Amino acid sequence: MEGNFLIITLIVIFALAFDFINGFHDTANSIATSVSTKALKPRHAIALAAIMNFLGAMTFTGVAKTITKDIVDPFSLPNGTLVILAALIAAITWNLITWYFGIPSSSSHALIGSVAGAAIASADFGVLNYHGFINIIEALIFSPIIAFAVGYLVYSLFKVIFKNYNLAKTNRNFRYFQILTAAIQSYTHGTNDAQKTMGIITMALMTGNYISGGDVPFWVQAACATAMGLGTSVGGWRIIKTVGSKIMKIRPVNGVAADLTAATVIFGATFLHLPVSTTHVISSAILGVGSAHRIRGVKWDTAQRMIITWFITLPISAILAFMCYRVLHFVLGF
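Residues numbered from 1 in each chain as written. Predicted model: local features only at pLDDT ≥ 70, side-chain atom pairs only at ≥ 80, totals over all residues. Heavy atoms only, no water.

Participant: Explain the packing of helix α10 (residues 252-271) against helix α11 (residues 278-294) here, please?
Facilitator: Between α10 and α11, the shortest axis-to-axis distance is 9 Å and the interhelical angle comes to 140°. Classified by the interaxial angle, the pair formed by α10 and α11 is oblique. Handedness of the α10/α11 crossing: right-handed. Contacts from N254, A257, A258, T261, A262, V265 and I266 in α10 reach T278, V281, I282, A285, I286, V289 and H293 in α11. Taken together, the residues of the contact of α10 with α11 sort by class into 10 nonpolar, 4 polar and no charged. (Axes fitted to C-alpha atoms, helices over the stretch in contact; angles between N-to-C directions. Helix = DSSP H or I, 4+ residues; strand = E, 2+ residues; numbered from the N terminus. Parallel < 35°, antiparallel > 145°, perpendicular 65-115°, else oblique. Left-handed = near helix turned anticlockwise from the far one by under 90°. Contact = heavy atoms within 4.5 Å. Nonpolar A, V, L, I, M, F, W, Y, C, P; charged D, E, K, R; others polar.)

Written out as structure tokens, the structure reads:
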């Protein structure tokens, strides 16, 4: 029992560390456009994002419940606490690697791939809840495609509505409006991303028989929201530079279109209790807006590098988690 309590404690620590890292890794995406257009100074943008992420994380728990039950059944998972610990270590490792190189990879892909990989190491492929797992993968795949299409349509609509307006004045007004859209996007980020870690901690508490239901305890929700808010306050300048300037040259009107698109898609997923990659959604929204503005203005080499990273994150994180589980299992003698 003491060993199990120790592992649960380590899971909570690593989960909050993951949320903290997620704060400066993924949240940078939600403010990248407002920083690149100079609508907000980096310090102000990061403070705004930290507050709105915290508020978003404290508002909903539906995505957390999906993570808790739709990848694997916590009650039928052998060595469940060890599986979750291995998954968190693997996801954190991949997040730090991609953060160091300034690659906006998906923390969601890393976490979900890691849980699947560690679970397979524990009990083979049959342990996965394939119906729920496929639903999650479909949400991760289709949400960027939807964001690209919506971004293209939104900016095309903007071009029609504002074609007779003075460009300089319109950009100035959009720069003010972008403060609001950055806040909305940060809020929606909190409603989806922070919940994934809430679900992981809740799953660990269930496998350790500390709770019997799938409801997220309030202290878990508050702790995860705080960790993400603090992580956001640290900032993620490497990712901001990639998303905010290396995809396309962003003007305020582009930024507003991208922010509104991403916020709509992310919140729609939250409403449906589906975890999505905020990184993928935001980056795809910018790509869609850029394509509608001027397709040659998009730096497709950067986009290609990002897309490759998106596709390799799930399998790499799964392999890392598989290896982490085997090492922990051997060392701890479970």
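Participant: I'm lost on unusual backbone geometry in this one. Help?
Facilitator: Across the chain, the bulk of peptide bonds are trans and the bulk of non-glycine residues have phi less than zero. Of note, the phi angle at N79 is positive, near 50°, even though the residue is not glycine. You can see N79 is positioned in the loop between α3 (62-70) and α4 (80-100). Exposure remark for N79: the relative accessible area of 31% places this residue in the partly exposed category. Positive phi is not limited to glycine here, since H273 has a value of about 65°. Residue position: H273 is located in the loop between α10 and α11. Residue H273 is classed as partly exposed on the basis of its relative accessible area of 42%. (Buried < 20%, exposed > 50% of the residue type's maximum accessible area, 1.4 Å probe, protein only.)

Participant: How should I be thinking about the environment of T264 in this particular structure?
Facilitator: Tracing the sequence through the fold places T264 in helix α10. For T264, a relative accessible area of 54% translates into the label exposed. Taking the C-alpha atoms as reference points, T264 and A147, 117 residues apart in sequence, are found 8.7 Å from one another. A polar contact of 2.7 Å, which involves the side chain of T264, links it to the backbone oxygen of L260. (Polar contact = N/O pair within 3.5 Å; in protein donor to acceptor, adjacent residues only side chain to side chain.)

Participant: I would appreciate a short explanation of α10 in the present structure.
Facilitator: In an α-helix there are 3.6 residues to a turn, and that puts residues three or four apart on one side. The first and last C-alpha atoms of α10 sit 28 Å apart over 20 residues, in line with the 28 Å expected at 1.5 Å per residue. For α10, the buried fraction is high: 15 of the 20 residues fall into the buried class. After α10 finishes, the residue H273 shows a positive phi value of roughly 65°. (Expected span 1.5 Å × (residues − 1).)

Participant: Any chance you could explain the packing of aromatic side chains here in plain terms?
Facilitator: Ring pairs (aromatic) are described by centroid distance and by the angle formed between their planes. As enumerated under the stated definition, the model contains 4 aromatic pairs in all. Ring centres of F158 and F162 lie 5.8 Å apart, and the angle between their planes is 90°; this geometry places the pair in the edge-to-face category. The class of F158 is buried, set by a relative accessible area of 13%. Taking 5.1 Å as the distance between ring centres and 80° as the angle between the ring planes, the aromatic pair formed by F162 and F174 counts as edge-to-face. Of this pair, F162 sits in the loop between α6 (130-161) and α7 (167-207) while F174 sits in helix α7, and the two are 12 residues apart along the sequence. Of the residues examined, F162 reaches a relative accessible area of 27% and is grouped as partly exposed. By way of ring pairs, the aromatic residues F158, F162 and F174 are connected into one cluster. (Phe/Tyr/Trp six-rings, centres within 6.5 Å; stacked < 30°, edge-to-face > 60°.)

That's the geometry; what it means functionally is another story.
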